[in-house]
Amino acid sequence: HGSPSMGPKRNSSALGPKGVSASPGNHKKATSSTQNKSKTKTCIHVSTLSTKATEKDVWDQFETYGQLVKVTVPKSPGINGKFGFVNFKKPGDAERALRELDGSQIKGVKVNLEWARNQPNDNPWWTKK
């Protein structure tokens, strides 16, 4: 019990209010709540896309909710099927689209929407090579 542990510290005193590490590299995660994140997020992850869905199809479905910055649908499906990302200029537009379009259909297939875990600059799918 008194011997030093091997590896990174995992004790509860090193964790922030939501169990997120409060180390200097993670200070943003420890201080922001999910509710506040939706006020600033602009990137929506679209899952369960039809294999026939194109970037234009996704763009057409979302553009009525506000100005879009970018829509990306990778050519190769992920492990759980085809997916895409929709990036809005304004967080409020993205929030309304996510709320109202979740469960809607694109090319006859019901899509699931959620906030993207990373913003476009952090996501490898957004990087043009």
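Scroll up for the structure.
Since this is a predicted model, take the numbers as computed values, not measurements.

1. Some thoughts on the overall build of the chain
Step number 1: Counting its regular elements, the chain contains four helices and six strands.
Step number 2: Expressed as a percentage of its 129 residues, the buried residues of the chain come to 33%.
Step number 3: Here the contacts in the chain between residues at least 6 apart in sequence split such that 62% fall between residues at least 24 apart.
Step number 4: Accessible surface computed for the chain: about 9,000 Å², of which carbon and sulfur atoms make up 51%.

2. Regarding the pattern of salt bridges
Step number 1: In this structure the tally under the stated criterion is two salt bridges.
Step number 2: When the shortest N-O distance is used, the salt bridge between D60 and K56 registers 2.8 Å. Of this pair, D60 and K56 are both found in helix α3 (residues 55–62), four residues apart, which corresponds to roughly one turn of the helix.
Step number 3: Note on K56: relative accessible area 56%, which makes it exposed.
Step number 4: For the salt bridge of R96 with E100, the shortest nitrogen-to-oxygen distance reads 3.9 Å. Highlighted residues: R96 and E100, both in helix α4 (residues 91–101), separated by four residues, approximately one helical turn.
Step number 5: Of the residues examined, R96 reaches a relative accessible area of 30% and is grouped as partly exposed.

Rules used in this analysis
- Residues numbered from 1 in each chain as written.
- Predicted model: local features only at pLDDT ≥ 70, side-chain atom pairs only at ≥ 80, totals over all residues.
- Heavy atoms only, no water.
- Helix = DSSP H or I, 4+ residues; strand = E, 2+ residues; numbered from the N terminus.
- Buried < 20%, exposed > 50% of the residue type's maximum accessible area, 1.4 Å probe, protein only.
- Contact = heavy atoms within 4.5 Å.
- Areas by Shrake-Rupley, 256 points an atom, 1.4 Å probe, with all protein chains shown as cover.
- Salt bridge = Lys/Arg side-chain N within 4 Å of Asp/Glu carboxyl O.

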